[in-house]
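The residues making up each chain are set out below.
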Amino acid sequence: MCRLPIDLERFDNFKDAELRIVNIVSPTHIKLTVAVQDRARAFDWITLELDFTGVTDARLLEQNKLKFIDMNEGASLLHVNNEFAFGIGACYNASTIKNSTLYIISKDLKYKEEQF
């Protein structure tokens, strides 16, 4: 696992990504698996596992609804007030993240790159 920062430019801000799995490990630990195109690999597809720990707030969807989330605008990842805020779409602050279809706010975030 790598600590942030995730180079969102490298993954084109998750535009047209595919949300695959939301794994609720515990009420304060959530793993989100996303398929993205990697600019560093000639836009080949890879899988990223985002590991949120110390989760303080979240809006999640059922597994069978993930494939219907529109990822045309990608996702946003902010680091504000010592928390990481991840949300679907173009979000510029914590309050707009909380308006997202799916969002996670946590104290810590790590990620792991995997094969597609």
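Structural data are supplied above this passage.
Residues numbered from 1 in each chain as written. Predicted model: local features only at pLDDT ≥ 70, side-chain atom pairs only at ≥ 80, totals over all residues. Heavy atoms only, no water.

Caption draft 1: Spatial organisation of the overall build of the protein. Secondary structure summary: the protein contains 1 helix and 7 strands in total. When the elements of the protein are put in sequence order from the N terminus, they spell out β-β-β-β-β-β-α-β. Whereas a compact globule of 116 residues would reach a radius of gyration of roughly 13 Å, the protein reaches 13 Å, a difference of no more than 12%. Expressed along its principal axes, the backbone C-alpha trace of the protein runs to roughly 35 × 30 × 30 Å. (Helix = DSSP H or I, 4+ residues; strand = E, 2+ residues; numbered from the N terminus. Rg over C-alpha atoms; globule rule 2.2 N^0.38 Å.)

Caption draft 2: Expanded view of the pairing of strand E5 (residues 75-80). Looking at chain direction, E5 and strand E6 (residues 83-88) are connected through 6 bridges and run antiparallel. Counterpart to leucine 78 in the pairing with E6 is alanine 85. Taking the residues between adjacent antiparallel strands as the criterion, E5 and E6 are bridged by 2 residues, where asparagine 81 takes a positive phi near 50°. (Pairing = 2+ DSSP bridges.)

Caption draft 3: Examining the nonpolar core more closely. Phe14, Leu32 and Phe86 are the most contacted members of the largest nonpolar core, which totals 27 residues. Listed by contribution, the elements that provide at least two residues to this core are strand E2 (18-26), strand E3 (29-38), strand E4 (44-59), E5, E6 and strand E7 (103-114). Ranked by residue count, the leading element in this core is E4, at 5 residues. Core analysis: the next-biggest nonpolar cluster, separate from the first, contains 6 residues, Ala85, Cys91, Ile97 and Ile105 among them. (Core = buried A, V, L, I, M, F, W, Y, C linked by side-chain atoms within 4.5 Å. Buried < 20%, exposed > 50% of the residue type's maximum accessible area, 1.4 Å probe, protein only.)

Caption draft 4: View of the side chain of aspartate 38. Structurally, the position occupied by aspartate 38 is in strand E3. Discounting chain neighbours no more than four positions away, the residues touching aspartate 38 are Arg10, Phe11, Phe43, Asp44 and Ile46. (Contact = heavy atoms within 4.5 Å.)

Caption draft 5: Fine view of the pattern of salt bridges. If you walk through the whole model with that rule in mind, you get 9 salt bridges. The salt bridge partner of lysine 98 is aspartate 57, with a shortest N-O separation of 3.3 Å. Of the two residues, lysine 98 is situated in the loop between helix H1 (94-97) and E7 and aspartate 57 in strand E4; the sequence distance between them amounts to 41 residues. With relative accessibility at 36%, the residue lysine 98 sits in the partly exposed group. Across the pair glutamate 83 and lysine 107 runs a salt bridge whose closest N-O atoms are separated by 3.5 Å. Residue glutamate 83 is found in strand E6, and its partner lysine 107 is found in strand E7; the two are separated by 24 residues along the sequence. Look at lysine 107 and you get partly exposed, because its relative accessible area is 48%. Residues joined in a network through salt bridges with shared partners are Arg10, Asp38, Arg41 and Glu113. (Salt bridge = Lys/Arg side-chain N within 4 Å of Asp/Glu carboxyl O.)

Caption draft 6: Focus on the environment of isoleucine 69. Positionally, isoleucine 69 belongs in the loop between E4 and E5. In this structure the C-alpha to C-alpha distance between isoleucine 69 and valine 25, which are 44 residues apart in sequence, comes to 22 Å. When sequence neighbours within four positions are dropped, the list of residues in contact with isoleucine 69 reads Leu19, Leu61, Ile88, Thr101 and Leu102.

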